[in-house]
Amino acid sequence: MSKWKRIIGVLVAIFAISARPLLNHLLWLQKAPPDEKVGVIPILSNKDLSSLVSGKNALLIGGTRGVGFGTAQALAKAGAHVTIVGRSKDSGERAVSKIQDVCGASGSVVDFVQGDIGTVCSALELVDRLASRDRRYDLAVVSAGIFPDWTRPLQNEDGIDKSIAITVVGRFLVYRNMHRFMNDGARILNVLNSGDKLPPSAGLFDRDIIEGKRDVTSLIEAGMNFGIGEEIMMDSLFRYDESYTNRKFTMVSTHPGILDTDLLNGQGVLVDILFKITVPLVGISVEDCGVLQSSILVSEKLHQFGLTLVDHFGYGRIRDPAFADLIEQHRDWLW
């Protein structure tokens, strides 16, 4: 091996070792201030998780792949009875089969309910389907969603941008009706948003985009609209929906972190390249992400009967105060 090859090899090794903590630190700085009352959520072993969820009923909306699948698998391995909800019957049956193969003798029951939250009608149909079952749930994880695609924005049949329709409006309709199929004191995990700082371009939240009156012009604009929409949706549930306080629901919203998923497909060459680089450096496997999300869901450190924000490092976060005005200004559009 030549001298230059050895030098290049050493430089590559140094970069590989140092890049992960550096990128993680940069991601950390993009978050809102820590919530000292919550601190860091410990990741539980399967034994410890089992002591908290064994025999409980868990609902996973968007559980056929990605974060939802990983969380469904972690809960089932710990002995929870898991219901997976997804649009595709084939994908649902495959997910159930994979989880059953992994769970072995955990004693969990895993089943599938076909459903979609992409339109107002389909979301309400799913609510009716879940409410008609003879099972009530103690835990719920909602991860269904698509990433905004500014290169070819699409509206659903309600005239709403598809990413907003699923990640905000569809989730909102499900959350508002959870009293129909969840037990009192249930815990709810919303996977998408978790105490991010609001950038200077806060004015990018635009109802005309949400209502399909104009198309988005950039990835940042697209992401801002569904990200802020999520904040408005979660805040309003605890402010204006009495079922959340009366039924003593506890909600936590998390970010899945960077993992290998097709959620970002179609966002352009630069995003594809960036994604391919960052996943090996700071990414997390679907299985590990599922264990983290499950640990967060059952943690005793959450704000009881309220909303907690937890980032993908497992740290509690305080909502950026800059969101307050936006939430107050736009809260009525969902209701």
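You'll find the structure just up there.
Reading guide: rules and limits
Residues numbered from 1 in each chain as written. Predicted model: local features only at pLDDT ≥ 70, side-chain atom pairs only at ≥ 80, totals over all residues. Heavy atoms only, no water. Axes fitted to C-alpha atoms, helices over the stretch in contact; angles between N-to-C directions. Helix = DSSP H or I, 4+ residues; strand = E, 2+ residues; numbered from the N terminus. Parallel < 35°, antiparallel > 145°, perpendicular 65-115°, else oblique. Contact = heavy atoms within 4.5 Å. Nonpolar A, V, L, I, M, F, W, Y, C, P; charged D, E, K, R; others polar. Pairing = 2+ DSSP bridges. Expected span 1.5 Å × (residues − 1). Buried < 20%, exposed > 50% of the residue type's maximum accessible area, 1.4 Å probe, protein only. Bend = angle between axes of the 7 residues up to and from the residue. Left-handed = near helix turned anticlockwise from the far one by under 90°.

Participant: An account of the packing of helix α8 (residues 219–240) against helix α12 (residues 323–330) is requested, with residue identities and associated values reported.
Facilitator: Contact geometry of α8 with α12 gives a least axis separation of 9 Å together with a crossing angle of 70 degrees. Overall, the two elements α8 and α12 adopt an arrangement that is roughly perpendicular. Of the residues in α12, those in contact with Ile228, Glu231, Ile232, Asp235, Arg239 and Tyr240 of α8 are Phe323, Leu326, Ile327, Glu328 and His330. Looking at the contact of α8 with α12 residue by residue, the classes come out as six nonpolar, one polar and four charged.

Participant: Describe the sheet that holds strand β4 (residues 137–142), naming the residues involved and giving the relevant values.
Facilitator: Strand order in the open sheet made by the eight strands is β3-β2-β1-β4-β5-β6-β7-β8, with mixed pairing throughout. Where the open sheet ends on each side, the last strands, each with one partner, are β3 (110–114) and β8 (316–317). Sheet contacts for helix α5 (residues 120–131): β1 (57–61), β2 (81–86) and β3; angle to β3, the most-contacted strand, approximately 140 degrees. Across the sheet, helix α11 (residues 286–298) touches β4, β5 (182–191), β6 (250–254) and β7 (307–310), and the angle it forms with β5 is around 140 degrees.

Participant: Explain helix α3 (residues 66–77) residue by residue, including any values.
Facilitator: Under the 1.5 Å per step criterion, the end-to-end length of α3 is 17 Å for 12 residues, consistent within 8% with the ideal 16 Å. Counting buried positions along α3 gives 11 out of 12 residues, so the element sits mostly inside the fold. Three or more residues of α3 are buried, namely Gly66, Val67, Gly68, Phe69, Gly70, Thr71, Ala72, Gln73, Ala74, Leu75 and Ala76. Where α3 terminates, the next one or two residues include glycine 79, which has phi positive at roughly 100 degrees.

Participant: Help me get a handle on helix α6 (residues 162–176), residues and values and all.
Facilitator: Look at α6: 20 Å from first C-alpha to last across 15 residues, which is about the 21 Å you get at 1.5 Å a residue. Bending of α6 peaks at approximately 25 degrees at the position of glycine 170. Counting buried positions over the 15 residues of α6 gives 13, a clear majority of the element.

Participant: A description of the packing of α3 against helix α4 (residues 89–103) should follow, citing residues and the corresponding values.
Facilitator: Two quantities define a packed helix pair, namely the angle between the axes and the distance from one axis to the other. Between α3 and α4, whose axes approach to 9 Å, the crossing angle comes to 35 degrees. Relative to α4, the crossing made by α3 is right-handed. When α3 is examined against α4, the residues Phe69, Ala72, Gln73, Ala76 and Lys77 are found in contact with a partner set consisting of Ala95, Lys98, Ile99, Val102 and Cys103. The residue inventory of the contact of α3 with α4, partitioned by class, reads seven nonpolar, one polar and two charged.

Participant: Could you give me a rundown of the environment of leucine 309, with the residues and numbers involved?
Facilitator: If you trace the backbone, leucine 309 turns up in strand β7. For leucine 309, a relative accessible area of 4% corresponds to the buried category. Counting along the chain gives 277 residues from leucine 309 to alanine 32, while the straight-line C-alpha distance between them is 9.9 Å.

Participant: Before we move on, could you go through the environment of alanine 78 and cite the residues and values that matter?
Facilitator: Note on placement: alanine 78 falls in the loop between α3 and β2. The buried category is assigned to alanine 78, whose relative accessible area is 1%. Ignoring sequence-local partners within four residues, the contact set of alanine 78 consists of Asn46, Leu49, Ser50, Val53 and Ser54.

Participant: How would you summarise the pairing of β6 if you had to cite specific residues and measurements?
Facilitator: Counted residue by residue, β6 has five buried out of five residues, so it is predominantly covered. Alternating positions in β6 separate into two faces, Thr250, Val252 and Thr254 on one and Met251 and Ser253 on the other, with burial throughout. Strand direction decides the pairing type here: β5 and β6, joined by five bridges, are parallel. From the neighbouring strand, leucine 189 faces β6, where its bridge partner is valine 252. In this structure, β6 lies alongside β7, joined through four bridges in parallel fashion. Across the sheet, residue methionine 251 finds its bridge partner in β7, namely leucine 307.

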